[in-house]
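# Chain and residue survey
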4 protein chains.
Amino acid sequence: MTLRLRVYGLFEMQGPNLRAARLVNTLLMLLILVNVLAVILESVEAYHRQYREWFWQLEVFSVTLFTIEYLLRAWIAVDNPAYGRGWRGRVRYVLSPMALIDLLAILPFFLSMFFAIDTRILRVLRLLRVFKLTRHFAVLEVLGTVLRNEARTLISAIAVMIILVILSSAGIYAIERADQPDAFGSIPRAMWWATVTLTTVGYGDVVPQTLGGRLLGVVITVLGVGMAALPAGIIASGFTSELARRREAYEIRAKQLLRDGEITSLDRRELIKARNELGLDRTDAQQVLRRVAMEAEATSEPDAVVVCPRCGMRFDAH
Amino acid sequence: MTLRLRVYGLFEMQGPNLRAARLVNTLLMLLILVNVLAVILESVEAYHRQYREWFWQLEVFSVTLFTIEYLLRAWIAVDNPAYGRGWRGRVRYVLSPMALIDLLAILPFFLSMFFAIDTRILRVLRLLRVFKLTRHFAVLEVLGTVLRNEARTLISAIAVMIILVILSSAGIYAIERADQPDAFGSIPRAMWWATVTLTTVGYGDVVPQTLGGRLLGVVITVLGVGMAALPAGIIASGFTSELARRREAYEIRAKQLLRDGEITSLDRRELIKARNELGLDRTDAQQVLRRVAMEAEATSEPDAVVVCPRCGMRFDAH
Amino acid sequence: MTLRLRVYGLFEMQGPNLRAARLVNTLLMLLILVNVLAVILESVEAYHRQYREWFWQLEVFSVTLFTIEYLLRAWIAVDNPAYGRGWRGRVRYVLSPMALIDLLAILPFFLSMFFAIDTRILRVLRLLRVFKLTRHFAVLEVLGTVLRNEARTLISAIAVMIILVILSSAGIYAIERADQPDAFGSIPRAMWWATVTLTTVGYGDVVPQTLGGRLLGVVITVLGVGMAALPAGIIASGFTSELARRREAYEIRAKQLLRDGEITSLDRRELIKARNELGLDRTDAQQVLRRVAMEAEATSEPDAVVVCPRCGMRFDAH
Amino acid sequence: MTLRLRVYGLFEMQGPNLRAARLVNTLLMLLILVNVLAVILESVEAYHRQYREWFWQLEVFSVTLFTIEYLLRAWIAVDNPAYGRGWRGRVRYVLSPMALIDLLAILPFFLSMFFAIDTRILRVLRLLRVFKLTRHFAVLEVLGTVLRNEARTLISAIAVMIILVILSSAGIYAIERADQPDAFGSIPRAMWWATVTLTTVGYGDVVPQTLGGRLLGVVITVLGVGMAALPAGIIASGFTSELARRREAYEIRAKQLLRDGEITSLDRRELIKARNELGLDRTDAQQVLRRVAMEAEATSEPDAVVVCPRCGMRFDAH
């Protein structure tokens, strides 16, 4: 086994050395968390002054490790069947979202050596390392699938929201611009109030004062409840149908495996594999299997015994 | 091919000249966006003073184009089977919602030439051009269908909300009118607080101060959470059942097409057409097809030819 | 036909005189709306002083009509099979929720003649007439069914909310009572902030100031999002399953009617009746029917031709 | 019957003395409620001073009873098949969540005799007795099941929220730290505003003032609506699928019981038992049964005896 395959096993948690792989991944995760915490704490003036040196050392240490990780991952990408062999596979990997996130985690550091970048912006960019965590959280997968499936509908909800914000701000601008020029003196200014109201956040720093403004406000707050309901409804529907789809996919797989009537140990392993891939919990899977078994029995029962019309022999059709 | 049919193809994105049609539609969409942006920016006093002339020229240019678009669409309406031939079809088109939106986009301009209209109101009316966008966004279709399907239930939720607002304002008026006459001196005044609270916006500009008022406030804020839950629940249910309905419609179509057991290239095209019309994504459609195929197999299997193990006669088990 | 049956037809919209019945019901509905509007307007001091006499006359007029309505409804209750014949049926009707709402609409007026009741309380009680509207809005039926079905779960959500409010107020009381004695000086006082925060209303009149208070505040606002999600989720699930239940009930009815294979005009009428009773829209109903028809075809097809094992005659089993 | 079994029957509402058991449980529930109320009232300075003695006596009385309850429950745990016999069963019970809650209700009292504990913390700890109520509310079971099923997804939603809070605070810190050092002077400080905004609570005590800050604020409030939608969607989907799972489990049970074609009184009792265990309401259960009956009929029908129209032979069509 080559060194590259061993490294691949370490990063992708495959192969014989699963324990070391888990350790490597846990340490990488901890490093990301420590980085995020450091950026947060460094923003406190007092800590920044006192522990300046330590923060700098942590930064150099982290960037070194993250750079090594980045290079190693680019090196082993060719072993991942998802990207393909050779330099082509490597280029494909380097342009993948996860690799770009990894690059973003180290690039600002190297750029700041050559260009003068505002430290405030540098700090926010450093925080983007938090996205490196997504690789280590399998839990986020279902959430991501649902959001991707519903992306088109969610975008249309946002489009409706933008249209409502524009019309609301134009309305309040027409009504209240004379009374509260600071808050509603122009449509862009009025947009602050319109957004804060339509999202039902309602800071209360700007509030309509005239009768007309309040009447419009009443309409907009009620629309705001409806607006807040749209994404909730879309996401609820997305989760419901995603779960249904996964249960059905499991059912189809189970029916294929159990068609021959016997449950071999291979079938059992295949079913567990399917359950894990689809992220179903045990109760869900068991109920699907019970239903499949029941239906199989129901359809097989009447066909059980066939009588040959010529010789009258009774035998099993299956 | 007549000129009218060619124009029809351009606007409705049909016929051979699909490229030109796409260009025309994109330009119209851009013109609407530029118009909306212009109205927003013109409301800023500084821009208004400096670029007055430019805004006016854009307005004249836009109204000219929108008027031509309006007349052309009325002219070609007879080629659209949805409205029917002759002047009757044209009248039917002119009274359709989309045509009225188009009219509303240009009418204020012409009216303002003959009547003195407040510029503030003119501006808001000009913003209504944003609705012309709905023609160009197919994504909004599912959202629209769901809202239309659930309209009756959503209206009943709004009716419940209005009743709750009335009772809440009467309650707080009875309790706090002496303590805060400005905010709760009459039921209509108290409605501002009641709406802002029931929608969970909660500006905080008006807040009950007495013990009784706060007790009522606690009840109303909790009811507010319930009120906000109603539309979310209704819309979630609407999306779920609309998706289920579309998947089932696709399944019914697939079963009809695959009844004869063979999948011809015509079937394939019909399935893709059905999938697009129903707005299903590829994963959804594939799973439906897999299930249909499996069920077809399940029912066809027992009808397969059975061979009698004794006499070797081949016959149908059914 | 007796007079009582005629009156029954008028109120319950049955029998031959449907037009007059609709008129009576519309007028009663308008009278309720006028009453609600009057109470709202009378609370404005200026209107109250100027139109005192008119408001009083409207009140006397309305109470007279509502009293006649109440007595008539009690009189005809025996014709309603839901309550049963004789004085028993009348007593059962008088104790039904709708009758109690009707009584509540007139009782305060008569009580105020004998006892001195605070006019503020009288006014709120008069507003309860708005509940008389529920009789005239069939749309509220589905909403009511869902809320009734989910009542147990919604109550458990409210119980969780109360427990969270108690624990949150105790927590903030322990942390901030010294810093803000006015807002957090005792647990009951702290409950105002806890409720306003957990419901995500967030007035901002009371806000934790210390680090500990804000940390608790962060936890509570996040819990508040979860709390607001509970009723939304419960109601969404309620609507989804109620719709599914109604579609299935329609499917069962359709299967029963179409079992014999023919669709008679009687079947058609029965299906329309079932659709109206279940409040399904046309699209829903059509899809259910299409599926039923398809399944009927699928099951009948293989059984179509049976071969007699003795004489070999081929015939239809059905 | 031993004394221990009798006590077991009293606490677990089993055995012959159901009435006494209900009384014991109701009294225990009342004692918990009185305790919670007492802690809330004692936090009011005036009541605390006046009724100090009474509160102390109630505390001693309650702790005595709760201690007896705790010891009795540990004693009878061996009769509960869930924990197993002997001291092992007892240890297993003592470490169960419900037993720990019971311990937490009395431990602070005894600890405060030996150690000096801040009375404020003692009070909050005493409030935790409210969790003892969960044993007495069966309604909370479905809610608990749904939350447990969806725990992984809910946690991933919280993880997304934490990431968004961190990025939002870093963003507003970068933009507004110079303008509002008190509110946005460091990332930890800015987190207060970020959390309050992303949860759509929106106190309004801290609000961005600059153009950049407001632009970021607009994005964050919109994201906040999405964040609030996530748990609502997850919980809605959880309730929907939990109900579907329970209805299906009931259907599977019903099919098993009704397979033989006859409904015996034993079947009936089993069905009622299954319905209660699954927490289905009567309407749900009836519809499931009606469907099962219909399907049973549909599959049995073709197997009915067919009579050949020519030779009159009676035979099974299958």
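The rules we used
- Residues numbered from 1 in each chain as written.
- Chains lettered and ligands numbered in written order.
- Predicted model: local features only at pLDDT ≥ 70, side-chain atom pairs only at ≥ 80, totals over all residues.
- Heavy atoms only, no water.
- Helix = DSSP H or I, 4+ residues; strand = E, 2+ residues; numbered from the N terminus.
- Rg over C-alpha atoms; globule rule 2.2 N^0.38 Å.
- Buried < 20%, exposed > 50% of the residue type's maximum accessible area, 1.4 Å probe, protein only.
- Contact = heavy atoms within 4.5 Å.
- Areas by Shrake-Rupley, 256 points an atom, 1.4 Å probe, with all protein chains shown as cover.
- Lys, Arg positive; Asp, Glu negative; His and termini not counted.
- Charge placed at Lys NZ, Arg CZ, Asp CG, Glu CD.
- Least-squares fit on C-alpha atoms with pLDDT ≥ 70 in both.
- Salt bridge = Lys/Arg side-chain N within 4 Å of Asp/Glu carboxyl O.
- Axes fitted to C-alpha atoms, helices over the stretch in contact; angles between N-to-C directions.
- Parallel < 35°, antiparallel > 145°, perpendicular 65-115°, else oblique.
- Nonpolar A, V, L, I, M, F, W, Y, C, P; charged D, E, K, R; others polar.
- Buried area = accessible area lost by both parts, 1.4 Å probe.
- Polar contact = N/O pair within 3.5 Å; in protein donor to acceptor, adjacent residues only side chain to side chain.
- Phe/Tyr/Trp six-rings, centres within 6.5 Å; stacked < 30°, edge-to-face > 60°.
- Lys NZ or Arg CZ within 6 Å of the ring centre and 35° of its normal.
- pLDDT = per-residue confidence, 0-100.
- Patch = residues over 30% accessible without salt bridge, like charges linked within 9 Å, V, L, I, M, F, W, Y side chains within 5 Å.

If you tally the helices and strands in chain A, you get 13 helices and two strands. The C-alpha atoms of chain A give 30 Å as radius of gyration, which overshoots the globular expectation for 318 residues (20 Å, by more than 25%). For chain A, the spread of C-alpha atoms along the principal axes amounts to about 100 × 60 × 35 Å. Going through the 318 residues of chain A one by one, you find that 46% of them count as buried. In chain A, 61% of the contacts between residues at least 6 apart in sequence involve partners at least 24 apart. Roughly 16500 Å² of accessible area belongs to chain A as shown, and the carbon and sulfur atoms make up 64% of that amount. Placing the 37 positive and 30 negative side-chain charges of chain A at their respective mean positions leaves the two points 6 Å apart.

For the pair chain B and chain A, the best superposition has an RMSD of 0.1 Å and corresponds to a rotation of 90° with a translation of 0.0 Å parallel to the axis. In the structure described here, the two chain copies are related by an operation that fits a four-fold rotation axis.

Overall, the coordinates contain 76 salt bridges over all chains when judged by the stated rule. Among the salt bridges present, the one from Arg 85 of chain C reaches Asp 79 of chain C, with a minimum N-O distance of 3.9 Å. On the basis of relative accessible area, Arg 85 of chain C is assigned to the exposed category, the value being 61%. For Asp 79 of chain C, a relative accessible area of 12% puts it in the buried group. Between Arg 49 of chain D and Glu 45 of chain D there is a salt bridge, and its shortest N-O distance comes to 3.9 Å. With a gap of four residues between them, Arg 49 of chain D and Glu 45 of chain D both fall in helix α3 (residues 45–50), about one helical turn apart. Residue classification places Arg 49 of chain D among the exposed residues on the basis of a relative accessible area of 60%. Several salt bridges converge on common partners, so that one network encompasses Glu 12, Glu 69, Arg 73, Asp 102, Lys 132 and Arg 135 of chain A.

So, on to the packing of helix α9 (residues 151–176) of chain B against helix α12 (residues 211–258) of chain B. In a packed pair of helices, the relevant descriptors are the angle between the two axes and the axis-to-axis distance. All names here are of chain B. Contact geometry of α9 with α12 gives a least axis separation of 11 Å together with a crossing angle of 175°. Classified by the angle their axes make, α9 and α12 are roughly antiparallel. Between α9 and α12, the residues in contact are Thr 153, Leu 154, Ala 157, Val 160, Met 161, Leu 164, Ser 168, Gly 171, Ile 172, Ile 175 and Glu 176 and Gly 212, Gly 213, Leu 216, Ile 220, Leu 223, Met 227, Leu 230, Pro 231, Ile 234 and Ile 235, respectively. A per-class count over the contact of α9 with α12 returns 15 nonpolar, five polar and one charged.

The next subject is the interface of chain B and chain A. At the junction of the two partners, chain B supplies 52 residues and chain A supplies 61 residues. Across the chain B to chain A interface the summed buried area is about 5100 Å²; carbon plus sulfur atoms make up 72%. Taken together, the links from chain B to chain A amount to two salt bridges. Arg 291 of chain B is the partner of Glu 248 of chain A in a salt bridge, and the nearest nitrogen-oxygen pair spans 2.5 Å. At the boundary of chain B and chain A, one finds five residue pairs in polar contact (both at pLDDT 80 or more). Those elements giving two or more residues to the side of chain B that touches chain A turn out to be α2 (18–42), α7 (119–127), α8 (140–149), α11 (187–198), α12, α14 (282–300) and β1 (305–307) of chain B. Among the elements that take part in the side of chain B that touches chain A, α12 of chain B stands out by supplying ten residues, more than any other. Looking at the side of chain B that touches chain A residue by residue, the classes come out as 32 nonpolar, nine polar and eleven charged.

Residues and elements named next belong to chain B. Of note, Lys 132 is situated in the loop between α7 and α8. By relative accessible area, Lys 132 is classed as buried at 2%. Along the sequence, Lys 132 and Ala 174 sit 42 residues apart, while their C-alpha atoms lie 47 Å from each other. For Lys 132, the contacting residues outside a window of four places in its chain are Ile 32, Phe 66, Glu 69, Ile 101, Asp 102 and Ala 105. In this structure the side chain of Lys 132 is engaged in a polar contact, spanning 3.0 Å, whose partner is the side chain of Glu 69. In terms of polar contacts, Lys 132 uses its side chain to reach the side chain of Asp 102, at 3.1 Å.

Least-squares fitting of chain A to chain D yields an RMSD of 0.1 Å, with the transformation described by 0.0 Å of translation along the axis and a rotation of 90°. With a heterologous cut-off of 20% or less, the 17% of interface residues of chain A that recur at the interface of chain D puts this contact in the heterologous class.

Another point: helix α1 (residues 3–12) of chain C. All names here are of chain C. For α1, the full list of buried residues reads Val 7, Tyr 8, Gly 9 and Phe 11. The inward-facing, buried residues of α1 abut α2 (18–42) and α3 (45–76). A positive phi of about 55° marks Met 13, the residue just after α1.

Turning to the packing of aromatic side chains, a few remarks are in order. Aromatic rings considered in pairs are described by the distance between their centres and by the relative angle of their planes. Under the defined criterion, the tally for this structure stands at 27 aromatic pairs over all chains. Aromatic side chains Tyr 51 of chain D and Trp 54 of chain D sit 6.0 Å apart centroid to centroid with 55° between the ring planes, which places their arrangement in the tilted category. Joined through ring pairs, the aromatic side chains of Tyr 47, Tyr 51 and Trp 54 of chain A make up one cluster. Across the ring face of Trp 87 of chain A, the terminal group of Arg 90 of chain A is positioned such that the distance to the ring centre comes to 4.9 Å.

Moving on to the confidence of the model for chain A. Scored by pLDDT, chain A has a mean of 85; 91% of the residues are at 70 or more. Across the assembled chains, the prediction reports ipTM 0.83 with pTM 0.86.

What follows concerns the interface of chain A and chain D. On the chain D side, the residues contacting the 42 residues of chain A number 52 residues. Applying the counting criterion to the chain A and chain D interface returns two salt bridges. Among the ionic pairs, Arg 214 of chain D bridges to Asp 205 of chain A, the shortest N-O distance being 3.8 Å. Between chain A and chain D we count five residue pairs in polar contact (both at pLDDT 80 or more) in total. Mapped by element, the contributors of at least two residues to the side of chain A that touches chain D are α2 (18–42), α6 (119–127), α7 (140–149), α10 (187–198), α11 (211–258) and α13 (282–303) of chain A.

What follows deals with a nonpolar patch on the surface. All names here are of chain A. Among the surface-exposed residues, Leu 107, Phe 110, Leu 111, Met 113, Phe 114 and Phe 115 lie close enough to one another that they form a single nonpolar patch of about 630 Å² accessible area. As for its position among the elements, Leu 107 is in helix α5 (residues 97–114). Judged by relative accessible area, Leu 107 falls into the partly exposed class, the value being 35%.

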